[in-house]
Amino acid sequence: MGCTVDFRATGDDRGCYYEETHRCLIFLNSHENLEDIYKTINHEVLHHCIEGTDITIDELQEEKLIFNIQWADYSIA
Ligand SMILES: [Zn+2]
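The notes below deal with the structure included here. (Residues numbered from 1 in each chain as written. Predicted model: local features only at pLDDT ≥ 70, side-chain atom pairs only at ≥ 80, totals over all residues.)

This part is about the environment of Arg-14. You can see Arg-14 is positioned in the loop between β1 (4–8) and β2 (15–18). Considering only alpha carbons, one finds Arg-14 and Lys-64, 50 residues apart in sequence, at a separation of 17 Å. Not counting residues up to four positions away in its chain, the partners in contact with Arg-14 are Phe-27, Ser-30, His-31 and Thr-40. (Helix = DSSP H or I, 4+ residues; strand = E, 2+ residues; numbered from the N terminus. Contact = placed C-beta atoms within 7 Å.)

And the structure:
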């Protein structure tokens, strides 16, 4: 099942992913520019992608995994 990305003008967080509905919610007011918004979309979609795998990791491990994926271009180079 695919996921959807939805936007809100205001919110307390940068974004969130709802496993129940496979929906990413992005709060635009918490970003400085378009590139920043793209990063958050990628982050939330990665939560969806990880959910679709067989791996069992806790929330902190998942956040660390996504962080490392997002920075892989810089850390590997
Ligand atoms: Zn996250």
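Among the five residues that make up β1, zero are buried, leaving the element largely open to the surroundings. Pairing of β1 with strand β3 (residues 23–27), which is carried by five bridges, proceeds in the parallel orientation. Each bridged residue has a counterpart across the sheet, and for Arg-8 the counterpart in β3 is Phe-27. (Buried ≥ 20, exposed ≤ 12 C-beta atoms within 10 Å, placed from the backbone. Pairing = 2+ DSSP bridges.)

Pairing is mixed across the open sheet formed by three strands, whose spatial order is β1-β3-β2. A single partner strand is all that each edge strand has here, and the edge strands are β1 and β2. Each strand axis lies, on average, 20° off the axis of its neighbour in the sheet, ignoring direction. Two strands pair when backbone bridges link them, and β2 and β3 are joined in this way by four bridges, in the antiparallel orientation. Among the inter-strand pairings, Tyr-17 is bridged to a residue of β3, identified as Cys-24. (Axes fitted to C-alpha atoms, helices over the stretch in contact; angles between N-to-C directions.)

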